Amino acid sequence: MCGIVGYTGEKAAAPVLLDGLAKLEYRGYDSAGIAVLEKEGLQVVRRRGKVAELAHTVGHFDLTGTCGIGHTRWATHGRPSEANAHPHASCAGDIAVVHNGIIENFAELREELEGRGHVFRSETDTEVVSHLIEEAYVANPDISLVEALRLACTRLVGSYGLAVTCEREPGVIVVTRQDMPIIIGVASDGAYVASDAIAVIGATRDVVLLADQQYAKLTPEGAEYTDERGRAIEPQLTHISWDVDVAEKGGYPDFMLKEIYEQPRVIRDTLAGRLIGGRLEIDELDMTSEELNLVDRVYVIACGTSYHAGLIAKELIEGWARIPTEVEVASEFRYRNPIITPTTLVVAVSQSGETADTLAAIRDARIKGARVFGITNVLGSPVARESDGVIYTKANKEIAVASTKSFLGQIVSLTLLAMLLAQAKGKLRMNQIRLLFRELADTAEQVEQILADTSDIQKAATACVDATSALFIGRGMGAAIAKEGALKLKEISYLHAEAYAAGEMKHGPIALIEDGFPVIAIATDSPVYDKVVSNLQESKARGACIIVIATEGNEHIRELADYVIYIPKVRDGFSAITATVPLQLLARSIAVMRGCNVDQPRNLAKSVTVE
Ligand code: AGP
């Protein structure tokens, strides 16, 4: 999604803005731009393409101004182009705006503004904001920039994180938000704003996470905060603890590989402090055991990889707590009329905590009376703020677009939730909880074992690199893991992949099988292992190239598989943690061999903050 940066202080703004935009690149974008207040007026420089190309163009301008805003754009309204890149200016060119989100009523606003003579230069929804601010000044030339922005926002419907600067108030940046994150940091050399803390913590770790309909006026001396009616407010500071080196590759060729190798730590960090005196403690959920015991239906809502974590959760919650659990794609859940009662628990899973569909589903569920738990990786994210309780996945900043370590953090968190529900329901006694917790903690070491030798994964990758499609199959937990494996492969290698419950092969997918067709199976020790083997035999008989994730010690599978990737023996309920790691590495190896950018796959963004 789009990225916003802004700076006003004692330093030249352009380098600060470009550095901030570079830190936001991981979010995915297709164009970028900055606006700097120079002595002679507002200077806007925009480019389609990467921040590095923008920096090259900026080098041709002698920008010395110390106040400016910048943006990386992921196209929604209007194709990727220089004209549609932010910042967007007013008719007079004295006001510049950058925006993250979607203004849903922009078409009618544009028509109204054009009817009053405003000239638009882009196809974007954002540009209406600069003209609305311009009109506020026309109506009242003495109005302050923050008041002009407040007036403009009264006309907007939709989601927005906005930063604005204007020639009338040199050195000032005003910001506000609705549903989109805006983070502000004041340091000794000036004031910083960004849509993601990663672009601010180099200057200060103590930041303000602006809330919806709050406004801030940034000056070189600091920031003043007001509410939607202009009343002064004193927002609280949040300390960002993760290290900036999170945003560096640490010697790895790409962020994805670094983050795959961080997974043992994520498991340990997510589990830390959760078992106290033999009892599970997740007090952030703010529900008593008695209240949890009343839960009679669970919906897990999410998108993409987070949805796959929900599929794992279903197996565990129904298996241990015996509570009916449905896993729903958020974009579907929000538009159907789900059955929700006060004893319904909705669990929203979102790495970014910003996914528009997941957020909308949370709001819908709360209106209908459900209790909502958020499972997210971003402190103070909209999902965290809008849930009744939240479990943080402790994965630290995840830079690569493809979710890996946050996925394992989600599975561990959802496993804890399943155990907590089972504990509340009296389905798991304390000694069983302790045993499960210890086995769950052991998966960190098992993942380390897998990561220690990836040679078999590399060999299996060579069998797929020239394929045009691949089929992932599994049963039970394996079926959910297969979905995640297929998504990882297609999203970073652009190789089409599908996942099926292995039992479905004879109902259609087996028609795909021909000589050399890759079938990747999760065939770890489980009650349905023999059934998976049968499906593999049927595929093998038709020429498939069989790649198997199997439990170490299983020599029998070698007779059937072309490539075997062994993983340590774990309880079936925890196999998603261990079996997913080889599939992450397999997808990455294939993508690298195919020359793909594994950190920033084409067309994708790290968080989908629009519908
Ligand atoms: C998965 O690798 C992708 N990054 C994508 O499917 C992602 O899981 C999905 O967009 C949901 O994002 P969220 O967890 O931030 O809500």
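Quick word on the overall build of the protein
The secondary structure content of the protein amounts to 18 helices and 27 strands. Taken over C-alpha atoms, the radius of gyration comes to 26 Å for the protein, in line with the 25 Å a tight globule of 611 residues would show. Along the first, second and third principal axes, the C-alpha set of the protein runs to 80 × 55 × 45 Å. Buried residues in the protein amount to 63% of all 611 residues. The long-range fraction of contacts in the protein, counting pairs at least 24 apart against all pairs at least 6 apart in sequence, stands at 71%.

Regarding the sheet that holds strand β27 (residues 563-567)
Across the sheet, 5 strands lie side by side as β24-β23-β25-β26-β27; this open sheet has parallel pairing. With partners counted over all chains shown, the strands left at the sheet margins are β24 (496-501) and β27, one partner each. The mean angle between the axes of side-by-side strands here comes to 20 degrees, regardless of whether they run parallel or antiparallel. Here strand β26 (residues 545-551) runs beside β27; their pairing, made up of 5 bridges, is parallel. Bridge assignment links A550 to a residue of β27, and that residue is Y566. Each of β23 (469-474), β25 (518-523) and β26 is contacted by helix α17 (residues 529-540), which is oriented at about 170 degrees to β25, the strand it contacts most.

A word on the site of the ligand
Every one of the 14 residues lining the ligand counts as a neighbour, but S306, S350, S352, T355 and E491 are closest to it. Between the ligand and T355 there is a distance of 2.5 Å, counted from an oxygen atom to a side-chain nitrogen or oxygen. Between the ligand and V401 there is a distance of 2.7 Å, counted from a nitrogen atom to a backbone nitrogen or oxygen. Expressed as a share of its isolated accessible area of 410 Å², the protein-covered part of the ligand is 92%. Split by residue class, the shell around the ligand holds 4 nonpolar, 8 polar and 2 charged.

Some words on the packing of aromatic side chains
Applying the stated criterion across every chain yields a total of 4 aromatic pairs. Arranged with centres 4.9 Å apart and planes meeting at 50 degrees, the rings of Y7 and Y192 form a pair that is tilted. Of the two residues, Y7 sits in strand β1 (residues 3-9) while Y192 sits in strand β10 (residues 190-194), which places them 185 residues apart along the sequence. Each member of the pair, Y7 together with Y192, is buried.

Calculation notes
- Residues numbered from 1 in each chain as written.
- Predicted model: local features only at pLDDT ≥ 70, side-chain atom pairs only at ≥ 80, totals over all residues.
- Heavy atoms only, no water.
- Helix = DSSP H or I, 4+ residues; strand = E, 2+ residues; numbered from the N terminus.
- Rg over C-alpha atoms; globule rule 2.2 N^0.38 Å.
- Buried < 20%, exposed > 50% of the residue type's maximum accessible area, 1.4 Å probe, protein only.
- Contact = heavy atoms within 4.5 Å.
- Pairing = 2+ DSSP bridges.
- Axes fitted to C-alpha atoms, helices over the stretch in contact; angles between N-to-C directions.
- Near = heavy atom within 4 Å.
- Polar contact = N/O pair within 3.5 Å; in protein donor to acceptor, adjacent residues only side chain to side chain.
- Areas by Shrake-Rupley, 256 points an atom, 1.4 Å probe, with all protein chains shown as cover.
- Nonpolar A, V, L, I, M, F, W, Y, C, P; charged D, E, K, R; others polar.
- Phe/Tyr/Trp six-rings, centres within 6.5 Å; stacked < 30°, edge-to-face > 60°.

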